[in-house]
Number of protein chains: 2
Amino acid sequence: MVAMTPNQPGMPPKLPIPGVKNLIAVGSGKGGVGKTTVSVNLAVGLASLGHKTGLMDADVYGPNVPLMMGINRTPMAHGERIQPLEQYGVRLMSMGFLNPGDKPLVWRGPMLHSVIQQFLRGVDWGELDFLVIDLPPGTGDVALSLIQTAPITGAIVVTTPSDVSLEDARKAIHMFNQVKVPIIGIVENMSFLNCPHCNERIDVFSYGGGRRTAEQMQVHFLAELPLDPDFRVGGDTGRPAVLRKDKGAPFVDLARNTVTRAREAAMQEGPKIEITD
Amino acid sequence: MVAMTPNQPGMPPKLPIPGVKNLIAVGSGKGGVGKTTVSVNLAVGLASLGHKTGLMDADVYGPNVPLMMGINRTPMAHGERIQPLEQYGVRLMSMGFLNPGDKPLVWRGPMLHSVIQQFLRGVDWGELDFLVIDLPPGTGDVALSLIQTAPITGAIVVTTPSDVSLEDARKAIHMFNQVKVPIIGIVENMSFLNCPHCNERIDVFSYGGGRRTAEQMQVHFLAELPLDPDFRVGGDTGRPAVLRKDKGAPFVDLARNTVTRAREAAMQEGPKIEITD
């Protein structure tokens, strides 16, 4: 059973992805705020809670999911459909699997739109409770096309507490509002750092702006994630921090909150066409 | 007197920008690594060394230059040409001046290319020793079109020392190589943090990967900039760190190194057509 969101006037219908119950888009106004770190740890966290989960890396120019998930092989095709890879219980697709190495992708807009649609609908995702989509940063062409054509349950906006990042996060929230994608909440990443030497707290990128912005814009505040050198090591070595007993808790909480808010968002979406397979 | 770089086969000529002697593009593979922080401090640093300097913010979707330079007014037109704003001795143009506030820009590719060309050629830059261009992050459409059509003297690639950022930095270097733009050097930003409480050093995003990558890819290593909460405060309050007596030195060094390397890059560029006004 899948939900079809109502069409916007003048837009093509947001066709459901058969078998996929919830699409969670993870976006940011600005790059480098930890969008992929949040996507990866959220997906592995959802899987660890027993939900069938997929992760689609839509950041086609800078696909960091393969490195952060510690897997990079060429996916197999099965008939006309691409088989996702699987790591830590999460089904994965990324441009990094198709264009590995250091060569930049110099594709223009239309080709990107088509590859993104392939990732959404040409991949054999199977039955999924959650498909997490790691959007490209910003409010550009690829992000916009994707959120206009995919039946997204709700979006998470990642920001750091710095004003520069918050300025761009507000733009991203406006973009989701404009295309009527519900906001599941704001995640403040790199909130603070506890010095590994003296254990004193350092507000490297300021602090609290994510929560303040959530209040101003009347969206939920989902999580406050510390700036922890171990999270970066986890990303660089392909072992997400959520898997660590000593450090994983904030990400497991984030996954739990996301499940709750996604249910609410799905209920607020208004009239739906229920399709039973 | 301006230099015209030779055409690439099949590409339109890279017409000179009258009055502008050197174009320095500041790019990154990944967003959020401090590209705009480096651009702003480099431009103000060049001006403080007595060079006539401009700064063009080509990051049209996330234009952070107005906030970081502490200025946001609508520029005036003079005849058919837009007058740049000026702050700290640097002439400025940014999409943020034309689209202030939180509304995202939902323009598609072709409109962006045209606005970028307007910024390059429709702005009354006057006589400049250096025009610093803050590129959009990544190797996408807008960045590629710009570096293919502007007579860029050389490019600076900004990265953090984390593997994820370095992976994307290598892609950016390949992109510049492909379109024959000389690399002035790599800047490693957020290299390390000195704890403000105990003064011990913390390698938040790892350390040294920028220098290693420069060696591997046979490009210069320009600077190693600390992760300093004061730099972020400088950005958020519109007062670039290079202006501070106690903290500005690394950025002034970066400006000096850039002048030297830009001269070398201009000399290595091969045959030139000299045009005297």
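In what follows, the structure referred to is the one given above.
Read on for a plain summary of the structure.

So, about the environment of Glu-264 of chain B. Residues and elements named next belong to chain B. Looking at where Glu-264 falls in the secondary structure, it is placed in helix α9 (residues 249–268). Residue classification places Glu-264 among the partly exposed positions, given a relative accessible area of 29%. Glu-264 sits 82 residues away from Pro-182 along the chain, and the two C-alpha atoms are 9.8 Å apart.

All right, on to the interface of chain B and chain A then. In this complex, chain B contributes 52 residues to the contact, which on the side of chain A involves 52 residues. Carbon and sulfur atoms supply 57% of the area that chain B and chain A bury against each other, a total of about 4,500 Å² over both sides. Connecting chain B to chain A are zero salt bridges. Where chain B touches chain A, the interface holds 14 residue pairs in polar contact (both at pLDDT 80 or more). Breaking the side of chain B that touches chain A down by element, the ones donating at least two residues are α2 (65–69), α4 (109–121), α5 (141–149), α6 (163–178), β12 (201–202) and α8 (229–236) of chain B. Here the side of chain B that touches chain A gets nine residues from one element, more than from any other, and that element is α6 of chain B.

With that settled, consider the sheet that holds strand β10 (residues 183–188) of chain B. Residue and element names in this part refer to chain B. Here eight strands make up an open sheet; going across it, the order is β6-β7-β3-β8-β2-β9-β10-β13 and the pairing mixed. With partners counted over all chains shown, the strands left at the sheet margins are β6 (85–87) and β13 (221–224), one partner each. Each strand of the sheet is rotated relative to its neighbour by a mean of 25°, with strand direction disregarded. Here five bridges tie strand β3 (residues 53–57) to strand β7 (residues 90–94), and the two strands are oriented parallel to one another. Paired with Thr-53 across the two strands is Val-90, which belongs to β7.

This next bit is on the pattern of salt bridges. Scanning the model with the defined rule gives 24 salt bridges over all chains in all. Put simply, Lys-247 of chain A and Asp-228 of chain A hold a salt bridge, and the shortest N to O gap is 2.8 Å. Taken together, the residues Lys-247 of chain A in the loop between α8 (229–236) and α9 (249–268) and Asp-228 of chain A in the loop between β13 (221–224) and α8 connect sequence positions 19 residues apart. Lys-247 of chain A gets classed as partly exposed once you look at its relative accessible area, which sits at 21%. Taking relative accessible area as the criterion, Asp-228 of chain A reaches 15% and is therefore assigned buried. Note that Arg-261 of chain B is salt-bridged to Glu-264 of chain B, the shortest N-O span being 3.1 Å.

The rules we used
Residues numbered from 1 in each chain as written. Chains lettered and ligands numbered in written order. Predicted model: local features only at pLDDT ≥ 70, side-chain atom pairs only at ≥ 80, totals over all residues. Heavy atoms only, no water. Helix = DSSP H or I, 4+ residues; strand = E, 2+ residues; numbered from the N terminus. Buried < 20%, exposed > 50% of the residue type's maximum accessible area, 1.4 Å probe, protein only. Contact = heavy atoms within 4.5 Å. Buried area = accessible area lost by both parts, 1.4 Å probe. Salt bridge = Lys/Arg side-chain N within 4 Å of Asp/Glu carboxyl O. Polar contact = N/O pair within 3.5 Å; in protein donor to acceptor, adjacent residues only side chain to side chain. Pairing = 2+ DSSP bridges. Axes fitted to C-alpha atoms, helices over the stretch in contact; angles between N-to-C directions.

What is shown is where atoms sit, not what they do.
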